[in-house]
Amino acid sequence: MSEDKFVFTADSQKKLLIAKLAAIVLVVVGILIVAFGGHGHEESEAVGHHYHWLHRVWVNLWINNIYFLGISLTGVLFLAIQYASQAGWSAYIKRIPEAFGGWLIFAFGLTLVSFGLVNFAGPNHFHLFHWLDHSLYVEGGENYDAVIAGKQGYLNLTFFLIRMVAYFILWIMMFRFIRNESLKEDSFGGDGHWRKLRVYSTIFIILFAITSSTAAWDWVLSVDTHWFSTMFGWYVFSSWFVAGLSAMTLIIIWLREQGYLMQLSSSHLHDLGKYIFAFSIFWAYIWFSQFLLIYYANIPEETIYFVERLKSGQYAWVFFINILLNFIFPFLVLMTRDSKRHTIFLKIVCSVILVGHWFDFYLMITPGTLGENGGVGFIEIGMAALFAAGFIFVVLRTLAKAPLVAQNHPMMEESLHHHI
Amino acid sequence: MTTENKYIVGVYGDDDLVLKAVKNIRAAGIKIHEVFSPFPIHGIDDALGYKRSRLPKAAFMFGALGLTLALTMQFWMMGYDWQMIIGGKNFASLPPFIPVSFELTVLLSALGMVGTFMVASDLKPYRKPKIFDIRITDDKHVIAIDLADNKLNKQEISKIVAQTGAEEVNEKSFE
């Protein structure tokens, strides 16, 4: 087995730095366009606050924060699934999802900071989370909202922050356990570490099953405070999972093209492709299950969510492009065996899915926060690129810290001879 | 002497040996009719030079047919032939048709695939099976060579099969 280590070259670091700078320039250009483009200070009926260009930056901050946190969590979850199911095929590539976990600690800081920024730093008393508005809870007051006041037991700042910190502590703790055990296996060998990893992985999966749902309610669903959907936790999870798998596949293909992972076979890629294919369908299934019931029952307090998106000039196209990019395109392209085994198809589909699921989160968060003032422009592209460059930087740095291929993994032989 | 309906049957006791034998026999320019084994032999498809099955294509076609049928049926029935108001929706509206379309796509795709497989494999009722050696369901592997497919004569083929490590080389014909 090769002892090769991934080297995060100065050249790659420089490229990422340039990408970050370019992204910042894009954001600045986007802000200038929005601030001086004549649409800077329009009244927004939907939000009830005066719109300011900074609101749009904050909303993007939150979208990307949630999106890349999900991709990072998917890495850890994927690893945990491999151990819990005693999978052998993935042993050769397991360091890549493992490296995704390196972003979690940064995501923790980013989430705390951006939560503060998007809710309390905005001009004109902007709250990304509508329920943070104190006047909603003053009984008899002008803004009193009985529905939101009824949710106060769950949606209040203290409990919200406690949950936020608790999720991250649990996730990071479990990731550290898994990571340390995996590194110990490199040095000492034996199957004792593998058995311990199975236990940690199972615990993580159970914890994640609950926390991914509640985190989705907290951070995404509560943006539309009145609205609710019992499918939402699953919906956010499936979106995260496909995006994470695509990011993982892209990085694996990139590493291969850089001359690493020389024993990676088309069978490994085939399995990754199947994962992406299957979970694209899973996402579409969840998407449709949520949509159909609301469409059929036709209860105004539920349909408002889709009315805001379908009957609006800004968001209708995103609504349809979401289904096209995340279901129809991957479904048709990844259907054949060949497309899952050749990197060119995987590269195209994975990139499309990553863009598609960014739009998915955009569509979940923007209409409820920016209303008519939302749009897709340089700010959106720049912020997403900035986060992507930062995420890739952290992942590659984590990847360079340990041997690229796990040493002494008991399933390694099976993985190297994986043949389907 | 006619070679019609005459087979040379090599009997092997080990799956690795069969894999090697298949390669050697094919390298000698002999066409193999079929290999039988009590359990799947890894890599035998490649060794036999089988092309990839076209079954997925048939499945896709049947699936597309199912989808088309389902949508046509529903739009015609609900939108034109027997209009009913359900939940205040339009007579012809796509979302409620999706579950039925999905089910019919899957149903026709699955049934069509089974049917295609049976036709392609000649699996029909009352078909008399060709059993080259009864021990293929027990502990022996069998390579069957159809004499009609090959230019070499019986003795030459038997000699090559014997050289690849066959425990027995038999001749078999069916009524």
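Counting restarts for each chain: residues are numbered from 1 in the order of the written sequence. Just so you know, chain letters begin at A and ligand numbers begin at 1, following the order they were written in. Local features in this predicted model are restricted to residues of pLDDT 70 or higher, and side-chain atom pairs are both shown and tallied only at a pLDDT of 80 or more, whereas totals for entire chains, interfaces and linings draw on every residue.

Peer 1: I'd like a rundown of the overall build of chain A, residues and numbers included.
Peer 2: For helices the rule is a DSSP run of H or I covering at least 4 residues; for strands it is a run of E covering at least 2, with both sets numbered from the N terminus onward. Helix and strand counts for chain A stand at 15 helices and zero strands. We compute the radius of gyration over the C-alpha atoms and compare it with the globule rule, which gives 2.2 Å times the number of residues raised to the power 0.38. Rg of the C-alpha trace for chain A: 22 Å, near the compact-globule value of 22 Å for 420 residues, within the 12% margin. Reported as C-alpha extents along the three principal axes, the dimensions of chain A are approximately 70 × 40 × 40 Å. Considering only contacts in chain A between residues 6 or more positions apart, those separated by 24 or more positions represent 81%. Contact definition: two residues whose C-beta atoms, as placed from backbone geometry, lie within 7 Å.

Peer 1: Describe the packing of helix α7 (residues 192-219) of chain A against helix α8 (residues 232-257) of chain A, and please don't skip the residues or the numbers.
Peer 2: Residues and elements named next belong to chain A. Orientation is described by lines fitted to C-alpha atoms, with helices fitted over the stretch in contact, and by angles between N-to-C directions that extend from 0 to 180 degrees. It is at 8 Å that the axes of α7 and α8 come closest, and there the two elements cross at 100°. With respect to α8, the axis of α7 lies roughly perpendicular. Of the residues in α8, those touching α7 at Ser212, Ser213, Ala216 and Trp217 are Phe232, Gly233, Val236 and Phe237. Per-class residue counts for the contact of α7 with α8 are five nonpolar, three polar and no charged. Roughly parallel here means an angle under 35 degrees, roughly antiparallel means over 145, roughly perpendicular means 65 to 115, and every remaining angle is called oblique. Each residue is assigned to one of three groups, with Ala, Val, Leu, Ile, Met, Phe, Trp, Tyr, Cys and Pro labelled nonpolar, Asp, Glu, Lys and Arg labelled charged, and all others, Gly among them, labelled polar.

Peer 1: Account for the domain arrangement of chain B, with residues named and values stated.
Peer 2: An automatic or database domain assignment supplies the start and end points of every domain. Per the domain assignment, the segments of chain B are domain 1 (6-52 + 129-173) and domain 2 (55-120). If you average the C-alpha positions of domain 1 of chain B and of domain 2 of chain B, the two centres end up 45 Å apart.

Peer 1: How would you explain α8 of chain A if you had to name every residue and give the values?
Peer 2: Along its 26 residues, α8 of chain A runs 38 Å from first to last C-alpha, staying within 8% of the 38 Å computed at 1.5 Å per residue. Of the residues flanking the end of α8 of chain A, it is Gly259 of chain A, one or two places downstream, whose phi is positive at about 100°. In this scheme, a helix's expected span is set at 1.5 Å multiplied by one less than its residue total.

Peer 1: Would you mind going over the nonpolar core in detail, with residue names and values included?
Peer 2: In this usage, the nonpolar core is the set of buried Ala, Val, Leu, Ile, Met, Phe, Trp, Tyr and Cys residues whose C-beta atoms join them within 7 Å. Whether a residue is buried, exposed or partly exposed is read from the other C-beta atoms within 10 Å of its own C-beta, which are placed from the backbone; 20 or more gives buried, 12 or fewer gives exposed, and intermediate counts give partly exposed. Judged by nonpolar contacts, the single largest core of 108 residues is most densely connected at Trp62, Val76, Ile178, Val220, Ile276, Ile365 and Val395 of chain A. Take this core: its biggest share by element is 19 residues, from helix α2 (residues 53-84) of chain A. With 21 residues, the next largest nonpolar core counts Ile8, Ala21, Ile143 and Ile157 of chain B among its residues.

Peer 1: Provide a residue-level description of α7 of chain A, including the pertinent values.
Peer 2: All names here are of chain A. Across its 28 residues, α7 extends 38 Å between first and last C-alpha, which sits within 8% of the 40 Å expected from 1.5 Å per residue. To obtain the bend at a residue, axes are fitted to the seven residues ending there and to the seven starting there, and the angle between these axes is taken. The sharpest bend along α7 measures roughly 30° and falls at Phe208. All of the buried residues along α7 are His193, Leu197, Tyr200, Ser201, Phe204, Phe208, Thr211, Ser212, Ala215, Ala216 and Trp219. Here the buried face of α7 lies against α2, α6 (157-188) and α8.

Peer 1: Tell me about the sheet that holds strand β3 (residues 141-146) of chain B, and name the residues and values.
Peer 2: Residues and elements named next belong to chain B. Paired strands, as defined in this entry, are two strands with at least two bridges between them according to DSSP. Here four strands make up an open sheet; going across it, the order is β2-β3-β1-β4 and the pairing antiparallel. Two strands bound the open sheet, and with one partner strand each, they are β2 (34-36) and β4 (168-173). Averaged over all adjacent pairs, the angle separating strand axes in this sheet is 25°, with direction ignored. Relative to β3, β2 is paired through three bridges, and the arrangement is antiparallel. Its bridge partner lying in β3, Phe36 is registered against Val142. The strands that helix α1 (residues 15-27) touches are β1 (6-12), β2 and β3; relative to β3, the one it contacts most, it runs at about 20°. Together, β1, β3 and β4 form the strand contacts of helix α5 (residues 154-163), whose direction differs from that of β1 by roughly 15°.

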